[in-house]
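Here is how the chains run, residue by residue.
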Amino acid sequence: MAAMRDVVFVDGVRTPFGRAGEKGMYASTRADDLAVKALQGLMERNPALDPARVDDVGIAATTQQGDQGLTLGRTVSILAGLPVTVPGFALDRMCAGALTVASFMGAAIGSGQYDIAVAGGVEHMGHHPIGLDADPNPRFVAEKLVSPDALNMGVTAERLHDRFPELTKERADTFGMLSQHKVQAAYDRGDIQADLVPVALRSAEGWGLATEDEGRRPQTTMEGLASLKTPFRPHGRVTAGNASPLTDGATMSLLAGADTAKELGLTAKMRMVGFAFAGVQPEVMGLGPIPSTEKALKRAGLTINDIGLFELNEAFAVQVLSFTDHFGIADDDPRVNPWGGAIAIGHPLAATGVRLMIQLARQFAERPDVRYGVTAMCVGLGQGGTAIWENPHFDGKKRK
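None of the values given here were measured: they were computed from a predicted structure.

1. A word on the overall build of the protein chain
Piece 1. For the protein chain, the helix and strand inventory stands at 12 helices and 12 strands.
Piece 2. Its C-alpha radius of gyration of 20 Å places the protein chain within 12% of the 21 Å reference for a compact globule of 400 residues.
Piece 3. The C-alpha extent of the protein chain, read off along each of the three principal axes, is 60 × 55 × 50 Å.
Piece 4. Taken over 400 residues, the protein chain has a buried fraction of 57%.
Piece 5. A separation of at least 24 residues holds for 79% of the contacts in the protein chain among residues at least 6 apart in sequence.
Piece 6. Counting every atom, the protein chain has about 16500 Å² of accessible surface; 54% of that belongs to carbon and sulfur.

2. Concerning the state of the cysteines
Piece 1. Tallied over the entire structure, the rule returns 0 disulfides.
Piece 2. The cysteine C95 is free of any disulfide, with C378 supplying the nearest cysteine sulfur at 6.0 Å.

3. Focus: the pairing of strand β5 (residues 116-124)
Piece 1. With 9 of 9 residues buried, β5 is to be regarded as a mostly interior element.
Piece 2. Relative to β5, strand β3 (residues 56-60) runs parallel, the two being bridged by 5 bridges. Opposite I59, over in β5, you have G120 as the bridge partner.
Piece 3. In terms of strand pairing, β5 meets strand β8 (residues 247-257) through 9 bridges, oriented antiparallel. When the sheet's bridge partners are listed, H124 is paired in β8 with D248.

4. Topic: the nonpolar core
If you look at soluble globular proteins, the nonpolar side chains tend to sit buried side by side.
Piece 1. Membership of the largest hydrophobic core comes to 71 residues, with the highest contact counts inside it found for F9, L255, M270, F310, F316, M357 and W389.
Piece 2. Broken down by element, this core gets its largest block of residues, 7 residues, from helix α12 (residues 352-366).
Piece 3. Counting 36 residues, the second largest nonpolar core, distinct from the first, contains L39, A61, V76 and L82.

5. Overview of the pattern of salt bridges
Piece 1. Considering all chains together, one arrives at 25 salt bridges under this definition.
Piece 2. Salt-bridge contacts for E143 lead to R139; the nearest nitrogen and oxygen are separated by 2.8 Å.
Piece 3. Connected via shared salt-bridge partners are D11, R45, D195, K269 and R362.

6. So, the environment of T230
Piece 1. Among the structural elements, T230 can be located in the loop between α7 (222-226) and β8.
Piece 2. With 161 residues separating them along the chain, T230 and G69 place their C-alpha atoms 33 Å apart.
Piece 3. A polar side-chain atom of T230 sits 2.8 Å from the main-chain carbonyl oxygen of R233.

7. Observations concerning the packing of helix α6 (residues 169-189) against helix α10 (residues 317-326)
Piece 1. Contact geometry of α6 with α10 gives a least axis separation of 9 Å together with a crossing angle of 105°. The orientation of α6 relative to α10 falls into the category roughly perpendicular. The segment α6 lies against α10, with R171, A172 and F175 engaging A317, V318, V320, L321 and D325.

8. Here we look at the side chain of N46
Piece 1. With respect to the helices and strands, N46 occurs in the loop between α1 (31-44) and β3.
Piece 2. Excluding residues that lie within four positions of it along the chain, N46 makes contacts with V10, D11, L254 and L266.

9. Quick look at the packing of aromatic side chains
Piece 1. This structure, assessed with the given rule, holds 6 aromatic pairs.
Piece 2. Relative to W389, the ring of F9 lies with its centre 6.0 Å away and its plane at 80°, an arrangement referred to as edge-to-face. Remark: W389 occurs in strand β12 (residues 383-390) and F9 occurs in strand β1 (residues 7-14); sequence separation between them is 380 residues.
Piece 3. An aromatic cluster of three or more residues is present, and its members are F104, F275 and F277.
Piece 4. The ring of F17 is capped by R14, whose NZ or CZ atom sits 4.4 Å from the centre of that ring.
Piece 5. Its guanidinium or amino end placed over the ring of Y187, R216 lies 3.8 Å from that ring's centre, counting from NZ or CZ.

10. A look at helix α5 (residues 153-163)
Piece 1. With 8 of 11 residues buried, α5 lies mostly within the body of the structure.
Piece 2. Every buried residue of α5 is listed here: M153, G154, V155, T156, A157, E158, L160 and H161.
Piece 3. In the core, the buried residues of α5 are packed alongside α6 and α10.

11. Concerning a nonpolar patch on the surface
Piece 1. A contiguous nonpolar patch, built from F140, V141 and L145 and spanning about 270 Å² of accessible area, is present on the exposed surface.
Piece 2. As for its placement among the helices and strands, F140 is situated in helix α4 (residues 139-142).

12. A closer look at the environment of A61
Piece 1. Turning to its location among the elements, A61 is positioned in the loop between β3 and α2 (72-79).
Piece 2. As a C-alpha pair, A61 and C95 span 34 residues in sequence and 8.6 Å in three-dimensional space.
Piece 3. In this structure A61 touches Q68, L72, L91, D92, V122, E123 and A350, once residues within four positions along its chain are discounted.

Calculation criteria
- Residues numbered from 1 in each chain as written.
- Predicted model: local features only at pLDDT ≥ 70, side-chain atom pairs only at ≥ 80, totals over all residues.
- Heavy atoms only, no water.
- Helix = DSSP H or I, 4+ residues; strand = E, 2+ residues; numbered from the N terminus.
- Rg over C-alpha atoms; globule rule 2.2 N^0.38 Å.
- Buried < 20%, exposed > 50% of the residue type's maximum accessible area, 1.4 Å probe, protein only.
- Contact = heavy atoms within 4.5 Å.
- Areas by Shrake-Rupley, 256 points an atom, 1.4 Å probe, with all protein chains shown as cover.
- Disulfide = S-S within 2.5 Å.
- Pairing = 2+ DSSP bridges.
- Core = buried A, V, L, I, M, F, W, Y, C linked by side-chain atoms within 4.5 Å.
- Salt bridge = Lys/Arg side-chain N within 4 Å of Asp/Glu carboxyl O.
- Polar contact = N/O pair within 3.5 Å; in protein donor to acceptor, adjacent residues only side chain to side chain.
- Axes fitted to C-alpha atoms, helices over the stretch in contact; angles between N-to-C directions.
- Parallel < 35°, antiparallel > 145°, perpendicular 65-115°, else oblique.
- Phe/Tyr/Trp six-rings, centres within 6.5 Å; stacked < 30°, edge-to-face > 60°.
- Lys NZ or Arg CZ within 6 Å of the ring centre and 35° of its normal.
- Patch = residues over 30% accessible without salt bridge, like charges linked within 9 Å, V, L, I, M, F, W, Y side chains within 5 Å.

Spelled out as structure tokens, the structure:
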């Protein structure tokens, strides 16, 4: 067995994210074509890399059927023009699919089994709604292993409000509004666009080009949020304004051994410190990132106070707030999602993990005062996933 070595995040790109449904910009675009476009964009941004050097291509998807099935890592690799000698696979851990692929690829690289690998995810929720054609084993309900509505993510979010009354709708709405404002501010600064791969679109009106995330609502106000319906429960607290929308999109990343990156002249944007996954009750799946983060920190010999930036998936505002409350982090802490998150950008399930990494890597480049960052997310059926990253630009100087 080869000696352990450092694993680095070399690069990451994504398609603009579109609203799922007949009126969404990707309604007539295949899921696998979104992934192909993202993979092609990743390779084009790294011309120094001989594609034949890629040891594996892993692509996650939650609903692996139709245009989102057939071992995506292999089919997308071939369609994107990589040599047929490059293998590929597909993986499902629901929302943490791409995070899992990146973690496992990192482990393979760190142990010397791979030198360089592609990790990504795709979800076309317009073509494949979550749970489509799923056939849960009747034992889950008959033996009372889980609640019958544990697969309804909105219901699980309402349960977090129930369990923690201090997580009020007003706090969730405020968080959702600020996410919209922060994402738009990042767009205005040009922080988001650099990592987006344009996608050609076809509709009844003709051809177009997707260059920005479709679901943003920068004019969001607290007054507007207060009037939204609560679809998961009468007089509930979860609304379309404090939850991520159904989304279509794809992400891709390039991971390598630090020595391989140096050999090929590739720049390391982050170093993988470690990762962890954990399980919780499916009925409160939003709590999943808490134990996974505690586990990852313990293994790395770090504490929550060592983390200078957090990229937390905003599946629901209340889910992020349950995390920050647990760790004693204020709702408006500038370390948390400084460029906004999924409430505004969208959450194409299995693709989102790499989207978090892309944003963290770009923030690292601007923040040499920050040494460690976290990407974390909740996962359907009661899981959490966390990865810890180190900033190669860290200079130890405090920011003024």
